[in-house]
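Structural overview for review
Spelled out from the first residue to the last, the chains are:
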Amino acid sequence: MTGPTGATDAAALARRYGLSKSSVRPPLGSYLHELWSRRQFVVSYAAARTYAMYAGARLGSIWQVLTPLLNAAVYYLAFGVLLGTKNGIDNYVAFLLSGIFVFTFTQRCMTEGSRSLALNLSLIRTLHFPRATLPLAYVLNELNQMLVSLGILFVVVGFTDGPAWSWLLVVPAMLLQVMFNIGITLVFARIGTFVSDITQLLPFVTRTWLYASGIFFSLPAKLNQVDAPGWVIQVLAFNPISAYIDIIRRSLLEEHEPNQLPHAWSIAIVWSFVMLASGFWYFWQAEDRYGRG
């Protein structure tokens, strides 16, 4: 059957036998339930990506340890030694590592997540499943790398300052950052699906964010050196990455206490819940449009 009449008859026939469009966005509650039922797929897909990432390298998964260390060495040489940002900061190696690891976790979630749907169009067009499973798998993949990086950080701090009970605060701090990363990854996964140029723009955005997040120096100490008004520190403290870096540093480094950002825990908590909820809602709104075209 062809034409409007044929289309109407087909729709009536579909309703008669309880058929529905496969691309219809499910209710939010049903979507969350279906997403939870696919949790094993998320874990398996993330593990497969981690394996594939290093499968062709001669050193294999050792690069999970070498990559963050080499990045830290480059930044230490460029900023700590050449620009002298390590002056006045005790245990600068741990200070720098904590900033780089926290920032890189969010940065890679954003950049990799922005391509998570575009790189899996064949899978999306072939199978029916909650599309959010793909960005979540990318976040889980980056969390695996972050845990390796944290292990390195614990070793460094253990040798330099010794272990402390405050290390336990790293667990809620990481949980908050994971929540934030899931939300922002879902946002950029949707944007990256419909605006392919975002992958070209993101490196410039994240590089600017890098320099404004207090990774290479203490924001309060640096601003006090130039007699910046107190409200400037308050504004910069609302940077979510600065807040996550600060609560990790105060959990691990006792000498960081005098230069901590104000209200960092409160700001981190608010950002985490707001970004997780808004990011998930934003992604779910376009669920029936992914894979078209």
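Here the residue numbers are simple positions, counted from 1 along each chain's written sequence. The predicted origin of the model limits local features to residues at a pLDDT of at least 70 and limits the giving and counting of side-chain atom pairs to 80 or more, whereas totals for whole chains, interfaces and linings rest on all residues. By convention in this description, side-chain values take in all heavy atoms of the structure and omit both hydrogens and water.

Attention now moves to the side chain of Ser98. Locating Ser98 in the fold gives a position in helix H5 (residues 92-113). Contacts were defined at the residue level, with two residues in contact if any of their heavy atoms lie within 4.5 Å. Every residue in contact with Ser98, bar those within four places of it in the chain, is listed here: Leu153, Ile248 and Arg249. Helix and strand definitions here come from DSSP, where helices need a minimum of 4 consecutive H or I residues and strands a minimum of 2 consecutive E residues; each element is numbered from the N-terminal end.

A fitted line through C-alpha atoms serves as each axis, taken over the contacting stretch for helices, and the angle formed by two N-to-C directions is quoted from 0 to 180°. Close contact between helix H4 (residues 63-82) and H5 brings their axes to 10 Å; oriented N to C, the two are set at 120 degrees. One way to sum up the angle between H4 and H5 is to call them oblique. Note that H4 runs across H5; the crossing there is right-handed. Where H4 approaches H5, its residues Pro68, Asn71, Ala72, Tyr75, Tyr76, Phe79 and Gly80 are matched on the opposing element by Tyr92, Val93, Leu96, Leu97, Ile100 and Phe101. In this classification, Asp, Glu, Lys and Arg are treated as charged, Ala, Val, Leu, Ile, Met, Phe, Trp, Tyr, Cys and Pro as nonpolar, and every other residue, Gly included, as polar. Its residues placed into classes, the contact of H4 with H5 shows 11 nonpolar, two polar and no charged. Orientation categories follow fixed angle ranges, with anything under 35 degrees roughly parallel, anything over 145 roughly antiparallel, 65 to 115 roughly perpendicular, and all other angles oblique. What makes a crossing left-handed is the near helix being turned counterclockwise from the far one by less than a right angle; a clockwise turn instead makes it right-handed.

Attention now moves to the side chain of Thr133. Here Thr133 is to be found in helix H7 (residues 133-160). Here the side chain of Thr133 touches Pro130 through a polar contact of 2.8 Å, landing on its backbone oxygen. The contact partners of Thr133, leaving out residues within four places of it in the chain, are Leu35, Arg38, Phe41 and Val42. By the criterion applied in these results, polar contacts are pairs of N or O atoms within 3.5 Å in which, for protein atoms, one can donate a hydrogen and the other can accept it, and in which residues neighboring in sequence qualify only through two side-chain atoms.

This paragraph deals with the packing of aromatic side chains. Paired rings are identified among Phe, Tyr and Trp, the last through its six-membered ring, by centres lying within 6.5 Å, and are further divided according to the angle between planes into stacked (under 30 degrees), edge-to-face (over 60) and tilted (the rest). If you walk through the whole model with that rule in mind, you get 14 aromatic pairs. Pairing Tyr92 with Phe95 gives two aromatic rings, centres 6.0 Å apart and planes at 25 degrees, and the pair type is stacked. Residue Tyr92 and its partner Phe95 are located together in helix H5, separated by three residues, close to a single helical turn. Accessibility expressed as a relative area gives 5% for Tyr92, which makes it buried. Working definition: with a 1.4 Å probe on protein chains only, accessible area under 20% of the residue-type maximum means buried, over 50% means exposed, and in between means partly exposed.

Bringing a nonpolar patch on the surface into the picture now. Candidates for patches are residues over 30% relative accessible area with no salt bridge; among them, like charges are joined within 9 Å and nonpolar side chains (Val, Leu, Ile, Met, Phe, Trp, Tyr) within 5 Å. For the area figures, the Shrake-Rupley method with a 1.4 Å probe applies, and any residue is considered shielded solely by the protein chains shown. For this document, the term salt bridge refers to a Lys or Arg side-chain nitrogen within 4 Å of an Asp or Glu carboxyl oxygen. There is a patch of nonpolar side chains on the surface, built from Leu77, Val81 and Leu82 and spanning about 300 Å² of accessible area. Mapped onto the elements of the fold, Leu77 is located in helix H4. Given the relative accessible area of 48%, Leu77 is considered partly exposed.

When you line up the elements, Met275 lands in helix H13 (residues 264-285). Each C-alpha atom, one on Met275 and one on Asn181, is 8.1 Å from the other, the two residues being 94 residues apart in sequence. Other than its neighbours up to four places away in sequence, Met275 contacts Phe180, Gly183, Ile184, Val187 and Phe280.

Turning next to the pattern of salt bridges. Tallied over the full model, the rule gives six salt bridges. For Arg108, the salt bridge goes to Glu112, with nearest N and O atoms at 4.0 Å. In this pair, Arg108 and Glu112 both sit in helix H5, four residues apart, roughly one turn of the helix. Residue classification places Arg108 among the partly exposed residues on the basis of a relative accessible area of 28%. For Glu112, a relative accessible area of 11% gives the class buried. With a closest N to O distance of 2.5 Å, Asp246 and Arg250 form a salt bridge.

Interaxial distance between helix H2 (residues 28-37) and H13 falls to 12 Å at its minimum, and their mutual angle equals 100 degrees. For the element pair H2 / H13, the angle class is roughly perpendicular. Packed against H2, whose contacting residues are Leu28, Tyr31, Leu32 and Leu35, the element H13 presents Phe280, Phe283 and Trp284 at the interface. For the contact of H2 with H13, the residue count by class is seven nonpolar, no polar and no charged.

This part takes up the UniProt feature "transmembrane region" (unreviewed entry) in the protein. Within this structure's numbering, the places UniProt gives as "transmembrane region" (unreviewed entry) are residues 62-83, 89-106, 136-159, 165-189, 201-219, 231-252 and 264-284. Here residues 136-159 is 100% helix and 0% strand, with 35 Å between the C-alpha atoms at its ends. What you have in residues 264-284 is 100% helix and 0% strand, and the ends, taken at the C-alpha atoms, are 30 Å apart. UniProt positions are given in the numbering used here, feature names are shortened, and annotations may be inferred rather than shown by experiment.

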